[in-house]
2 protein chains.
Amino acid sequence: MSRWEPNARGRLEQAALELYVERGFDQTTVAEIATRAGLTERTFFRHFADKREVLFGGAPLLQESLVSAVAGAPGSAAPIDAIAEALEAVGFFFEERRDSVRQRQTVIAANAELRERELIKLASLASAMAEALRGRGVTDPAAGLAAEAGIAVFRIAFERWIDDTDRRDLADHIRESLEELKAVTAGR
Amino acid sequence: MSRWEPNARGRLEQAALELYVERGFDQTTVAEIATRAGLTERTFFRHFADKREVLFGGAPLLQESLVSAVAGAPGSAAPIDAIAEALEAVGFFFEERRDSVRQRQTVIAANAELRERELIKLASLASAMAEALRGRGVTDPAAGLAAEAGIAVFRIAFERWIDDTDRRDLADHIRESLEELKAVTAGR
């Protein structure tokens, strides 16, 4: 008895985020998530391998988008500009889901293991972007440094975007943080 | 029956690193480490909480050294220069133990869990240095960006130092990588 459930994945994600915020990640069970979403545990496991995948299931798509944006930047773009363009491009990915991104961030900030997982995700994104730069003919250490600097910019921009009561775009924050990094590394 | 063992900690560390390289971290037991060092398991546990602490026990001292170097940099130093000075200063910490640092790196590179632990350590160092910059009156986001950029520079410099057949100093590699980061962020 399986039937098509409209937007089951989205409903499960929303239910999970609400419960993680309310009770904490460790205290929430898959059964509770399914109940809150009005679905079954079986449906949950058709969409997610486990509770954690609700929070990290988007990472492969994010990485793929970043890598293809780096690869597709104009041939004349400097490495840091290719990275910045890629980060701004995925800004929309977060922009349209601002409220759930914010909930997700609250959940992660409250749990040491999830914070570690998030760090590892960001390090993987940096490695993938460095590799994409190498594919453009950028040599090391420039490729690694541009990618790591890009992730530092992204982290700072992301935090400011999350806290921004003026609701400015993430892409704006990324451009601004990159300018700040340029000033900082120039010793200003 | 406890007696003083000359340089027990150093002997245990060296025995552990050798075994981790030879057999892998997961395949090595504390009993084997103690035997190789000619000591007892009890002596091992007087010096280290577990096998992993042999690899990460130096982190608090490293962090303390970085933080006090950032705090003690000349008042006129720009944030990135205070960070760079701190990183160069701890270079000696690695320099005099080049061979065991290199063994340690081989062990960590071969084990996913240890790589994650190392990432987390580096992120903690970045947070601690950012906090030390704030203590110097540096505001955000400059404090966070300078510290994160510093850690990116350190990682790249460290890798190049590990692989450097000319055995140039880590401090040289740090200065060089910082120059490269400046060039990269300037869009060159």
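Residues numbered from 1 in each chain as written. Chains lettered and ligands numbered in written order. Predicted model: local features only at pLDDT ≥ 70, side-chain atom pairs only at ≥ 80, totals over all residues. Heavy atoms only, no water.

A.B. asks: Even after reading the chapter, I still don't get the overall build of chain A, so can you show me in this structure?
C.D. replies: Scanning chain A for helices and strands turns up 10 helices and zero strands. Beginning at the N terminus, the succession of helices and strands in chain A can be written as α-α-α-α-α-α-α-α-α-α. Referenced to the eigenvectors of the C-alpha coordinate spread, the extents of chain A come out at roughly 60 × 35 × 25 Å. Here chain A, with 188 residues, has 50% of them falling under the buried criterion. Excluding contacts between residues fewer than 6 apart, the proportion of contacts in chain A whose partners are at least 24 apart in sequence is 62%. As displayed, chain A has an accessible area near 9,100 Å², and 50% of this comes from carbon and sulfur atoms. Separation of charge centres in chain A, based on 25 positive and 31 negative side chains, amounts to 3 Å. (Helix = DSSP H or I, 4+ residues; strand = E, 2+ residues; numbered from the N terminus. Buried < 20%, exposed > 50% of the residue type's maximum accessible area, 1.4 Å probe, protein only. Contact = heavy atoms within 4.5 Å. Areas by Shrake-Rupley, 256 points an atom, 1.4 Å probe, with all protein chains shown as cover. Lys, Arg positive; Asp, Glu negative; His and termini not counted. Charge placed at Lys NZ, Arg CZ, Asp CG, Glu CD.)

A.B. asks: Even after reading the chapter, I still don't get the side chain of Lys-121 of chain B, so can you show me in this structure?
C.D. replies: Looking at the secondary structure, you find Lys-121 of chain B in helix 8 (residues 112-135). According to the relative accessible area criterion, Lys-121 of chain B is buried, its value standing at 16%.

A.B. asks: So what exactly am I meant to see when it comes to the relation of the copies chain A and chain B here?
C.D. replies: Think of it as a corkscrew move, a rotation about one axis and a shift along it, taking one chain copy to the other. The transformation that overlays chain A on chain B combines an axial shift of 0.0 Å with a rotation of 180°, and the residual RMSD is 0.0 Å. Between the two chains, the operation in question is that of a two-fold axis. For chain A, the smallest separation between a C-alpha atom and the rotation axis is recorded for Ala-149 of chain A, amounting to 3.0 Å. Both copies share a contact surface, since 100% of the interface residues of chain A are interface residues in chain B too. (Least-squares fit on C-alpha atoms with pLDDT ≥ 70 in both.)

A.B. asks: Please explain helix 10 (residues 170-185) of chain A as it appears in this structure.
C.D. replies: Structural remark: α-helix, 3.6 residues per turn; residues separated by three or four positions point the same way. Given a rise of 1.5 Å per residue, 16 residues ought to cover 22 Å, and the 22 Å separating the end C-alpha atoms of helix 10 of chain A matches this to within 8%. Burial in helix 10 of chain A covers these residues: Leu-170, Ala-171, His-173, Ile-174, Ser-177, Leu-178, Leu-181, Val-184 and Thr-185 of chain A. Each buried residue of helix 10 of chain A lies within a common arc of 150° when the element is viewed along its axis, so the set occupies one face. Its buried side turned inward, helix 10 of chain A meets helix 6 (79-95) and helix 9 (142-163) of chain A together with helix 6 (79-95), helix 9 (142-163) and helix 10 (170-185) of chain B. (Expected span 1.5 Å × (residues − 1). Arc of directions from axis to C-beta.)

A.B. asks: Mind showing me how you'd approach the interface of chain A and chain B here?
C.D. replies: With 28 residues of chain A at the interface, the matching set in chain B holds 28 residues. Overall, the association of chain A and chain B removes approximately 2,400 Å² of surface from exposure, summing both partners, and the carbon and sulfur fraction of that is 75%. Among the residues chain A hides against chain B, the three largest losses belong to Leu-145, Val-184 and Thr-185 of chain A. Together they make up 26% of the total. Linking chain A with chain B are four salt bridges, by the criterion used here. Glu-148 of chain B is the partner of Arg-155 of chain A in a salt bridge, and the nearest nitrogen-oxygen pair spans 3.2 Å. Counting every contact that joins chain A to chain B gives three residue pairs in polar contact (both at pLDDT 80 or more). Breaking the side of chain A that touches chain B down by element, the ones donating at least two residues are helix 6, helix 8 (112-135), helix 9 and helix 10 of chain A. (Buried area = accessible area lost by both parts, 1.4 Å probe. Salt bridge = Lys/Arg side-chain N within 4 Å of Asp/Glu carboxyl O. Polar contact = N/O pair within 3.5 Å; in protein donor to acceptor, adjacent residues only side chain to side chain.)

A.B. asks: Teacher, can you tell me more about the nonpolar core here?
C.D. replies: If you look at soluble globular proteins, the nonpolar side chains tend to sit buried side by side. Phe-94 of chain A together with Phe-94 of chain B are the most contacted members of the largest nonpolar core, which has 82 residues in total. Once you skip the residues sitting within four places of it in the chain, Phe-94 of chain B turns out to touch Leu-62, Val-101, Phe-154, Phe-158, Trp-161 and Leu-170 of chain B. (Core = buried A, V, L, I, M, F, W, Y, C linked by side-chain atoms within 4.5 Å.)

A.B. asks: How should the environment of Asn-111 of chain A be read in this particular structure?
C.D. replies: Residue and element names in this part refer to chain A. Within the element layout of this structure, Asn-111 appears in the loop between helix 7 (98-109) and helix 8. Given a relative accessible area of 10%, Asn-111 falls into the buried group. The spacing of Asn-111 and Ala-130 is 19 residues in sequence and 29 Å in space, taken between C-alpha atoms. Apart from residues lying up to four places away in sequence, Asn-111 is in contact with Phe-25 and Asp-26. A polar atom in the side chain of Asn-111 sits 3.0 Å from the backbone nitrogen of Glu-113.

A.B. asks: Where do I start with the side chain of Ser-100 of chain B in this structure?
C.D. replies: All names here are of chain B. By secondary structure assignment, the location of Ser-100 is in helix 7 (residues 98-109). Ser-100 sits in the buried class, given a relative accessible area of 13%. Residues contacting Ser-100, with those up to four places away along its chain left out, are Gln-14 and Leu-17.

A.B. asks: Please explain the confidence of the model for chain A as it appears in this structure.
C.D. replies: Close inspection of predicted coordinates is inappropriate in any region flagged by low pLDDT. Residues of chain A with pLDDT of at least 70 account for 98%, and the chain-wide mean is 93. Interface confidence in the predicted complex, given as ipTM, is 0.82; pTM for the same model is 0.87. (pLDDT = per-residue confidence, 0-100.)

A.B. asks: Explanation requested: unusual backbone geometry in the structure shown.
C.D. replies: Across the chain, the bulk of peptide bonds are trans and the bulk of non-glycine residues have phi less than zero. All names here are of chain A. Following Asp-140, the chain continues into Pro-141 via a peptide bond in cis, with omega recorded as 5°. With respect to the helices, strands and loops of the structure, Pro-141 is situated in the loop between helix 8 and helix 9. Its identity as a non-glycine residue notwithstanding, Arg-167 has a phi of 55°, on the positive side. Mapping Arg-167 onto the fold places it in the loop between helix 9 and helix 10. Judged by its relative accessible area of 48%, Arg-167 is partly exposed.

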